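Structural characterization, general
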Amino acid sequence: QPVASGCPEPNPRMEVTSSEVNLFVWTEYIPQATIDCFEEVYGINVNQSEYSSNEEMYAKLSAGGANYDLVQPTDYIVALMIRQGLLQKLDKDKLPVMATLDPNYLDLPFDPGNDYTLPYQGGTDAIVVNTDTVEQLPASFADLWDPAYAGRMVMVDDSRAIIGATLLTLGYDVNTTDPAQLEEAKTKLAELVKGVKIFDSDSPKTALIGGDADLGIVWTGEVALAQRENPAIQYIYPTEGPIRWQDNYGIPTDAPHLDAAYAWLNYSMQPDVFWRMLEEFPYTNPSTGALEYARENYPDLYDTYINSNITNTPADVLAAAHYIEDVGEATPLYDQVWTEVKGE
């Protein structure tokens with residue numbers, strides 16, 4: 001169904017001979033209108049496969065034989081994928097859209113110079129709480145172990161974020177490679193897991209909106225959407241500092257439709273298309289161009305985004321935030337912690 005308002009023209013329009021493009025992306029992360037418009041203006045079929053954890057995406061790509069043109073790895077797994085040759089170097093000459101991006105989201109340690117990735121959305125993992133149903137509001141990740149919260153929590157099904165939050169409550173680094181510290185975190189996390197009602201990385205907002213969960217640890221955009229449905233749903237940045245992340249686009253080494261991949265990146269992220277993220281998937285948008293377009297054309301949407309402590313993370317919070325990093329040879333230790341605490 002073409003978009004009623006008419007689709008923006010590609011700027012610039014690229015030469016494409018491929019008839020399709022294969023996306024392997026996070027669940028609930030691309031506006032349908034963006035897909036419809038790309039198909040309409042380019043006459044290219046968009047095939048979308050979805051995943052709900054970096055580990056799932058990484059496993060599929062590592063196994064080989066996947067025919068994807070684009071993937072959306074989070075910061076910490078980008079470094080690993082580069083090291084293992086799973087992503088190809090980007091041709092910057094084919095990415096004029098880069099000029100519309102905010103430099104604060106570029107040239108980060110996981111991909112210096114953005115040789116392999118483009119920023120897609122940023123955000124944090126912090127504490128969500130329904131202020132109507134939770135009397136004593138948590139101030140820290142550590143508070144979530146309070147027995148009063150048992151059986152009422154929703155958590156993103158994200159091993160590094162939840163193990164990371166647990167490590168912070170012990171005073172450890174979210175990227176520790178110390179087996180003793182991870183063992184201690186495992187014991188502590190096993191206690192928390194008993195009080196978790198739902199692990200959900202597909203749509204954690206559903207449990208919050210439906211009243212099936214009252215609090216927990218959830219990503220930015222899902223909280224913003226839940227808050228639209230119920231203003232009592234608030235986002236609390238823990239005293240330990242939140243987990244901070246950035247999702248990115250990368251092109252797998254053996255992408256079959258390279259021309260369509262570049263066309264998709266430029267079109268889906270051009271300002272008069274990419275602003276839709278603010279409406280449908282309100283994470284932190286790294287496109288200065290998209291924000292300016294929204295400010296001029298959708299001022300209410302823009303104001304909501306800018307004035308929200310969820311989507312426009314306060315500077316002091318960012319300063320205190322923790323980035324998850326690739327832990328190299330300690331990765332199996334994290335996987336083991338997660339498997340064991342969730343299996344109990």
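That block above? That's the structure.
Just so it is clear, the model here is predicted, and its values are computed rather than measured. (Residues numbered from 1 in each chain as written. Predicted model: local features only at pLDDT ≥ 70, side-chain atom pairs only at ≥ 80, totals over all residues. Heavy atoms only, no water.)

Counted under the stated rule, the structure contains 18 aromatic pairs. Seen in terms of ring centroids, Y29 and Y120 are 5.0 Å apart; in terms of plane orientation they differ by 70 degrees. Their pairing is edge-to-face. You can see Y29 sitting in the loop between strand 1 (20–26) and helix 1 (32–42) and its partner Y120 sitting in strand 4 (residues 117–130), a full 91 residues away along the chain. Residue classification places Y120 among the buried residues on the basis of a relative accessible area of 2%. Here the aromatic cluster, defined as three or more aromatic residues joined through ring pairs, consists of Y29, Y120, W245, Y249, F274 and Y283. Above the ring of Y76, the side-chain terminus of R160 is found at 5.3 Å from the ring centroid. (Phe/Tyr/Trp six-rings, centres within 6.5 Å; stacked < 30°, edge-to-face > 60°. Helix = DSSP H or I, 4+ residues; strand = E, 2+ residues; numbered from the N terminus. Buried < 20%, exposed > 50% of the residue type's maximum accessible area, 1.4 Å probe, protein only. Lys NZ or Arg CZ within 6 Å of the ring centre and 35° of its normal.)

This part is about the state of the cysteines. What we call a disulfide is simply a covalent bond connecting the sulfur atoms of a pair of cysteines. Per the stated rule, a full pass over the model turns up 1 disulfide. Between the sulfur of C7 and that of C37 lies a disulfide, 2.1 Å long from S to S. Negative torsions about the S-S bond denote left-handed disulfides, and the value of about -80 degrees found for C7 with C37 makes this one left-handed. Of this pair, C7 sits in the segment before strand 1 while C37 sits in helix 1, and the two are 30 residues apart along the sequence. Overall, the relative accessible area of 16% leaves C7 in the buried class. Its relative accessible area of 3% is what places C37 among the buried residues. (Disulfide = S-S within 2.5 Å.)

It is worth spelling out helix 2 (residues 54–62) at this point. Residues of helix 2 that are buried: N54, M57, Y58 and L61. Around the axis of helix 2, the buried residues are gathered within 95 degrees of arc, so they sit on the same side. On its buried face, helix 2 sits against strand 1, strand 2 (45–51), strand 3 (70–71) and helix 3 (75–83). Phi for G64, located one or two positions after helix 2, is positive at around 80 degrees. (Arc of directions from axis to C-beta. Contact = heavy atoms within 4.5 Å.)

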